[in-house]
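One letter stands for each residue in the lines below.
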Amino acid sequence: MTRLWIVRAGRHGERELEAITQGKLLPGFNELGDLSGLKDREAIGRVLAEADPLGGKNTQRNFAAQLNQFVNTIAVGDLVVLPRKVTSGVAIGRVTGPYVYQPGGVCPHTRAVTWLNEAVPREAFAQDLRHSLGAFMTVCEVKRNEALARVEAVLNTGRDPGPLLGKQGVVAVKAATEDAEAEDVELDVEDIARQQIIALVKSAFAGHDLAHLVAEILRIEGYVTKVSPPGPDGGVDILAAGGRLGLGEDRICVQVKSGDAPANQEVVLKLMGSVQAAKARTGLLVSIAGVNGPAQKLIDSEFFSVRLWQMPELLNALFASYGQLTDETRAKIPLKQIWSPVAGVDA
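Residues numbered from 1 in each chain as written. Predicted model: local features only at pLDDT ≥ 70, side-chain atom pairs only at ≥ 80, totals over all residues. Heavy atoms only, no water.

Q: Quick one: what's the story with the sheet that holds strand β4 (residues 89-101), residue by residue and with numbers?
A: Spatially, the six strands line up as an open sheet ordered β2-β5-β4-β3-β1-β6, and their pairing is mixed. Sheet topology places β2 (24-25) and β6 (139-141) at the edges, where each strand pairs with a single neighbour. (Pairing = 2+ DSSP bridges. Helix = DSSP H or I, 4+ residues; strand = E, 2+ residues; numbered from the N terminus.)

Structure representation (structure tokens):
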């Protein structure tokens, strides 16, 4: 029977692009060696205890359960969801291979996956499934509220039909405990809040309006800006310059991509051409759907001339400047900062 899993690619999405471009699940736990000979949670738990003898027992039990699911429980043919951190969507794929240990890469613990859709907007899912995607677990099964059928429906139609009447639950995640009933697990409240803010930004500043938000943030950071009108922009949406009257040497061409598809290499090349044509010093690509592999490789090779803002960088810039935004902008994105105590990992 097909099952549905969440497998993350780093607390901050640091292995996300490699997972997408290489067609692999990359959950982390890099400090551990080959787990292919370990057939149950107890065996993996002993390896964890040897690797970190001072680690908390509760944490080790939890990690052992997650790793056992990744190595032994997830089956070829199961669906997997990768909640993306550097973009605003999720990737959905089908597992195509067993656990394989491959040292030398960004993560040695791997499973092959065919990505069926690399950029599904989170808005395609109803609220309960969006909350499920915010679970803290690196590896966990999503089981309640007809989650599998609903994810398949999103793949086929782009729309979540919602839970069946009478099937609603609190959180549609099965905790990483073997042979146990599905139970509620702790949610990453910060991530859920950030995803809600992302949805708000995408709604309030759709299309070319996002360029005006970016320009306002840059003005708060001390730049004089000029926003191109809607329509063909020749590879630049914003011109920004520092110094008195915007006549300093710090000159930036900004290209803003607000769609759900990742920016490709052509977008980066076009931006680089705009930098040269405008006699600017730097190009800034703002892409809320991130970039694909070739585009990221090109940006990495142009370290001194191109910068990238994906969703995390845009949100950090928004938060840093929020108090100085215009009343009109803050009315479109009403936010309030709160402080919350952080509980320890183990009692």
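Having seen it, we continue.
Q: Please set out the environment of E302 residue by residue, giving values where relevant.
A: Here E302 lies in the loop between α9 (293-301) and β11 (306-309). Its relative accessible area of 25% is what places E302 among the partly exposed residues. Distance in space between the C-alpha atoms of E302 and V71 is 38 Å, their sequence separation being 231 residues. (Buried < 20%, exposed > 50% of the residue type's maximum accessible area, 1.4 Å probe, protein only.)

Q: Go over unusual backbone geometry with me, naming the residues and quoting the values.
A: Positive phi values are uncommon outside glycine, yet E146 reaches one of about 55°. Looking at the secondary structure, you find E146 in the loop between β6 and α5 (147-157). Given a relative accessible area of 30%, E146 falls into the partly exposed group.

Q: Please provide a residue-by-residue account of the pairing of strand β10 (residues 282-287), values included.
A: The side chains of a regular strand alternate between the sheet's two faces. For β10, the buried fraction is high: five of the six residues fall into the buried class. As defined by bridge partners, strand β9 (residues 251-257) adjoins β10 across six bridges and the pair is classed as parallel. Its bridge partner being in β10, K257 is matched across the sheet by S287. Tracing the backbone out of β9, into helix α8 (residues 265-277) and back to the parallel element β10 gives a crossover that is right-handed. Two elements, β10 and β11, share four bridges in a ladder whose sense is parallel. When the sheet's bridge partners are listed, V286 is paired in β11 with W309. (Right-handed = clockwise from strand over helix to strand, strands pointing away.)

Q: Describe the packing of aromatic side chains, listing the residues and the values that go with them.
A: Describing an aromatic ring pair means giving the distance of the ring centres and the angle of the ring planes. In total, this model carries three aromatic pairs according to the counting rule given. Ring centres of F70 and Y99 lie 6.3 Å apart, and the angle between their planes is 85°; on these two criteria the pair is classed as edge-to-face. A residue pair is termed long-range when its members are at least 10 positions apart, and F70 in helix α3 (residues 57-73) and Y99 in strand β4 qualify at 29 residues. Relative accessible area serves as the criterion here: at 8%, Y99 is assigned to the buried category. The ring of F303 has R307 lying over it, and the distance from NZ or CZ to the ring centre is 4.1 Å. (Phe/Tyr/Trp six-rings, centres within 6.5 Å; stacked < 30°, edge-to-face > 60°. Lys NZ or Arg CZ within 6 Å of the ring centre and 35° of its normal.)

Q: How would you sum up the packing of α8 against α9? Please name residues and give values.
A: Two quantities define a packed helix pair, namely the angle between the helix axes and the distance between the axes. For the pair α8 and α9, the least separation of the axes is 7 Å and the interaxial angle reads 30°. Taking contact as the criterion, the partners of Q265, V268, L269 and M272 in α8 are, on α9, P294, A295, L298 and I299. Residues belonging to the contact of α8 with α9 are distributed by class as follows: seven nonpolar, one polar and no charged. (Axes fitted to C-alpha atoms, helices over the stretch in contact; angles between N-to-C directions. Contact = heavy atoms within 4.5 Å. Nonpolar A, V, L, I, M, F, W, Y, C, P; charged D, E, K, R; others polar.)

Q: Give a detailed account of the nonpolar core, specifying residues and quantitative values.
A: Within the largest apolar cluster, 29 residues are counted, with the highest numbers of intra-cluster contacts made by V214, V254, W309, L314 and L318. Those elements that provide at least two residues to this core are α6 (189-204), α7 (209-220), β8 (238-241), β9, β10 and α10 (311-321). Per element, the largest residue contribution to this core is seven residues, and it comes from α7. By size, the runner-up hydrophobic cluster in this structure holds 28 residues, among which are I20, V71, Y99 and C107. (Core = buried A, V, L, I, M, F, W, Y, C linked by side-chain atoms within 4.5 Å.)

Q: So what's going on with the sheet that holds β9? Which residues, and what values?
A: The strand order across the open sheet built from five strands is β7-β8-β9-β10-β11, with neighbouring strands paired in mixed fashion. Edge positions in the sheet fall to β7 (224-227) and β11, since each of these pairs with one other strand and no more. Each strand axis lies, on average, 20° off the axis of its neighbour in the sheet, ignoring direction. This element, α10, spans β10 and β11 of the sheet and lies at about 80° to β11.

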